[in-house]
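Chain by chain, the residues:
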Amino acid sequence: MSEEEDKSNKEAEEYGVLLYYQYAEIPNLNDMVTFYNSNCSSLHLLGRVRISPHGVNVTVGGKLSCLESHIEALKGVYDGLFESTDFKLATCHHPLNDQVALESGFTSLSIRIVEELVTLSSHPLLKSPEISNAGRHLSAVEFHSSLHSADKVSPENSLVLLDARNLYETRIGKFDVPNVETLDPRVRQYSDLSSWIDDNDEQLKGKNILMYCTGGIRCEMASAYIKSKGAGFENVFQLYGGIQRYLEQFPDGGFFKGKNFVFDHRISVGSSDPNILGTCLICHCSFDDYSSRCRCTYCRMLVLVCHSCQNEAAQYVCELCQKQGKAVSSIQLKENGKSIAPLPGVELQDFSSGTILLPQMPRGDDVRTSRKLRILCLHGFRQNASSFKGRTASLSKKLKKIAEFVFIDAPHELPFVYQTPTFMSHGRCESSSLPPSPPPPSGNCRKKFAWFVPPNFDLGSGVDWKVADGPFDPLQYQHQTSGYDISLSRLKTVFSEEGPFDGILGFSQGAAMAALISSQQEKLKGEVDFKFVILCSGFALRVKEMECNSIKCPSLHIFGNEHGKDRQIDNQVSKELASLYDGSCSVIVEHDRGHIIPTCSPYIDEIKDFLWRFL
């Protein structure tokens, strides 16, 4: 071997990946961001750093000596904070290609402040679990010993294994222990796990629950959630260091069969056991290689498609979408008359343990797509296209790389209304003796519109000021049920002249209009075609068109929770609207931000993930 070849091999051996997480109170987030930015940049480390008030979650790659220097610097600057941290440092190859490097986040250094290190639930929980109440840690040897002696456990202390990972991970590897029940929730993303636990808690109650995930962090939060259920859920244990540490301790695989899916450019790590657990989605032959990054055309979850079955023009449907009755033929995708491959996704997953923040959808500020979604935006009552565009400026900016918003005015022009001075008498609102203030000049006011109006609405011009009939009625939207035909005609014209549109976003009364349109989607095919609706602070009109079976249109419902400070549309009203939609293709996002569309994390991430399904 030449000196040059020896040097090249040595450099290849020096490359590695470092994964770690630590739950701890971070005293100053900005100072920690500064440290990571300075330290990782100086050491030429690439990857992802996520910092929250409750800890850090990190995956970085670079030369082994630099990774070791990073660990030492971390301990030196934050004395005691990382004393118990499990730093998982592994030698590995460089990323296979640019696509794998991009998808695993190894083309740059990404440092972000987040609210949660892992998102246990996409919906607000009644009570968030305390990480201090997480399940007891078992070392790899203790975990293995517990499984080995499982058949000696008495029936009243029966043991059950719970896999805290996602379906695409368990496809290629899982624990398989004779006489031990293994529960595989088969969820698309980690944030679905809490709902599965709620629906299946009878399988867990009274059992010794042994949990495992890729590197440990998902079990921290999920085990605490199980224990928070109280009596019968006390005996929860978790594999410390996850599957990664187990395979290091048992190189032959032990009770773990197949490969361990990881969230860096290695893609998966196996034992010395050559057996393949996964199978091709198409031909069902043994296959467990995700390096081609094939994805479900509906939900964008990774699927296994062997090299013989891969086709750039094909669309794939994962087993979960197949179970929901979704199907697609192997059609060719075209853009500008040329055949194109399905859009590759970029995952922002668990950076140290396999935790998926929102894994099935590509996300991130540096993601580029071959096209944008065109979304028609319907404003609320007494608004207009211009004002709604202003109110959604932040949303539009944060979605600018994947979506284009188109704003239109509703067809019903409203009069300018003003109140006469009033005063309270014996708890009643009565007219004041003060002379009414003159209305401002109409020229200073922008026209306001509506999609629905009261049955006795005067369809004349709205240019003149009118005195309000009485005090503002917070439930007035319930009486605005007329004018649908005119609004529908307006939308048909817009779709014909300005379309096509991928989806419709409606706010408040605009959401009621979008909901009504989606309930008539089949009937309107060819005139008003769209793939999804986003209903913000929505409500259902009490009209015959809404008296239908479950609405099959994919939908995203965004509204204030029970304490969400939305003084216009009650939480229960928006929930009732969401209940009209097929639960298999609807997503609910509740927030505490009032009568708005929230654009902060985690809400914006959930909106992005929903939209990525349609790219």
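Please read all numbers here as calculations on a predicted model, not as lab measurements.

**Brief notes about the sheet that holds strand E26 (residues 555-560)**
Pairing in this open sheet of six strands is parallel, and the strands run E17-E16-E24-E25-E26-E27 from one edge to the other. The sheet terminates laterally at strand E17 (403-408) and strand E27 (586-591), the two strands that pair on one side only. Geometrically, the sheet is characterised by an average inter-axis angle of 20 degrees between neighbouring strands, direction not taken into account. Both strand E25 (residues 532-536) and E26 contribute to a ladder of four bridges, which runs parallel. The residue of E26 that forms the bridge with Leu 535 is His 557.

**Comments concerning empty space enclosed by the protein**
A full pass over the atoms with the stated rule returns three cavities of 30 Å³ or more. Along its surface, the second largest cavity is lined by Ile 375, Leu 395, Leu 399, Phe 405, Leu 505, Ile 534, Cys 536, Ile 558, Ile 597, Ile 607 and Leu 611. Elements represented by at least two residues in the lining of the second largest cavity include exactly E25 and helix H16 (603-612). For the lining of the second largest cavity, the class distribution of residues is 11 nonpolar, no polar and no charged.

**Brief notes about the pairing of strand E11 (residues 236-239)**
Along a regular strand, successive side chains alternate from one face of the sheet to the other. Burial along E11 is two-sided: Val 236 and Gln 238 facing one way and Phe 237 and Leu 239 facing the other are all buried. One ladder, built from three bridges, connects strand E6 (residues 136-138) with E11; its direction is parallel. The residue bridging Leu 138 from the neighbouring strand is Leu 239, located in E11. Pairing analysis gives three bridges linking strand E10 (residues 208-212) to E11, with the strands arranged parallel. When the bridges of E11 are listed, Leu 210 appears paired with Phe 237. Read as a crossover between parallel neighbours, the route from E10 over helix H8 (residues 217-227) to E11 is right-handed.

**Section: the nonpolar core**
Nonpolar side chains in soluble globular proteins tend to be buried together. Among the nonpolar cores identified, the biggest contains 37 residues, and Leu 376, Leu 378 and Ile 517 are the most heavily contacted of them. Ignoring sequence-local partners within four residues, the contact set of Leu 376 consists of Val 406, Ile 408, Leu 491, Val 494, Phe 495, Phe 501, Gly 503, Ile 504 and Leu 505. Residues Ile 375, Ala 385, Ile 597 and Leu 611 belong to the second largest nonpolar core, which totals 29 residues.

What counts and how
- Residue positions are given per chain, counting from 1 as you read along its sequence in written order.
- pLDDT decides what is reported in this predicted model: residues at 70 or higher carry local features, side-chain atom pairs at 80 or more are listed and counted, and totals for whole chains, interfaces and linings draw on all residues regardless.
- Excluding hydrogens and water, the side-chain figures rest on all heavy atoms present in the structure.
- Note on pairing: two strands pair once DSSP finds at least 2 bridges between them.
- A run of H or I in DSSP becomes a helix once it reaches four residues, and a run of E becomes a strand once it reaches two; helices and strands are each numbered from the N terminus.
- Axes, fitted as lines to C-alpha atoms, cover a helix only where it is in contact. Angles between the N-to-C directions of the axes lie from 0 to 180 degrees.
- Think of a 1 Å grid over just the protein atoms. A cavity is a set of points where a 1.4 Å probe fits yet cannot get out, a pocket is an open set with protein on both sides within 12 Å along at least five of seven lines, and lining residues have an atom within 4 Å of a point.
- Grid points are joined across faces, edges and corners, and a volume is the space filled by probe spheres set on the points.
- Polarity classes work like this: nonpolar for Ala, Val, Leu, Ile, Met, Phe, Trp, Tyr, Cys and Pro, charged for Asp, Glu, Lys and Arg, and polar for all others, with Gly in that last group.
- Burial here depends on accessible area, computed with a 1.4 Å probe over protein chains only, as a share of the maximum for the residue type. Under 20% is buried, over 50% is exposed, and the range in between is partly exposed.
- With the strands aimed away from the viewer, a crossover counts as right-handed if its path from the first strand over the helix to the second runs clockwise.
- By nonpolar core we mean a set of buried residues, namely Ala, Val, Leu, Ile, Met, Phe, Trp, Tyr and Cys, connected to one another through side-chain atoms within 4.5 Å.
- Contact between two residues is taken to exist if any of their heavy atoms lie within 4.5 Å; hydrogens are not considered.

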